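Coordinate inspection notes
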Amino acid sequence: QVQLVESGGGLVQPGGSLRLSCTASGFILDYYYIAWFRQAPGKEREGVSCISSTDRLTYYVDSVKGRFAISMDNAKNTVYLQMNSLKPEDTAVYYCAAGPAFARRCDVLPGSYGSWGQGTQVTVSS
């Protein structure tokens, strides 16, 4: 059974930092894309970032570029999302997702990913 489990969410003040973790079990992350999505109450799910396990190419949406960083630890079968300079608009449930690496560069289209974690809550508030 393929499982993705997120952790690391919590409450942080504006300008603070959090590191989210996504650990995979049931499969090896090699030759996969791993992505982070987020969803705030009443809003559509939004892509945030992704990474290719084959060449480590990364992608970030403009709203998080320069503030967030995605990375992968193959030995731990884990992908991280380091979030710095957090803003209240970053408040959401964050989900990790995995999909086959059919192309060279990953994307943050939900349809590209078939395995999803249950999410971890990130709240940015003073």
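These notes cover the structure that comes with them. (Residues numbered from 1 in each chain as written. Predicted model: local features only at pLDDT ≥ 70, side-chain atom pairs only at ≥ 80, totals over all residues. Heavy atoms only, no water.)

**Some thoughts on the state of the cysteines**
For clarity, the cut-off: Sulfur atoms of two cysteines make up a disulfide when they are within 2.5 Å. Only DSSP runs of H or I reaching four residues or more are called helices, and only runs of E reaching two or more are called strands; each is numbered from the N terminus. For every residue, the accessible area obtained with a 1.4 Å probe (protein chains only) is divided by the maximum for its type, and the residue is called buried under 20%, exposed over 50%, and partly exposed between those limits.
Scanning the model with the defined rule gives two disulfides in all. Here Cys22 connects covalently by a disulfide to Cys96, the sulfurs 2.1 Å from one another. Around the S-S axis, the bridge from Cys22 to Cys96 shows a dihedral of about 65° and counts as right-handed. Separated by 74 residues along the polypeptide, Cys22 in strand β3 (residues 18-25) and Cys96 in strand β9 (residues 92-100) bring together distant segments of the chain. The same class applies to Cys22 as to Cys96, namely buried. The disulfide partner of Cys50 is Cys106, and the gap between their sulfur atoms is 2.0 Å. Of note, the bridge from Cys50 to Cys106 carries an S-S torsion of about 85° and is right-handed in sense. With a gap of 56 residues between them, Cys50 in strand β5 (residues 46-52) and Cys106 in the loop between β9 and β10 (115-116) connect regions that are remote in the sequence. Among the residues examined, Cys50 registers a relative accessible area of 0% and is labelled buried.

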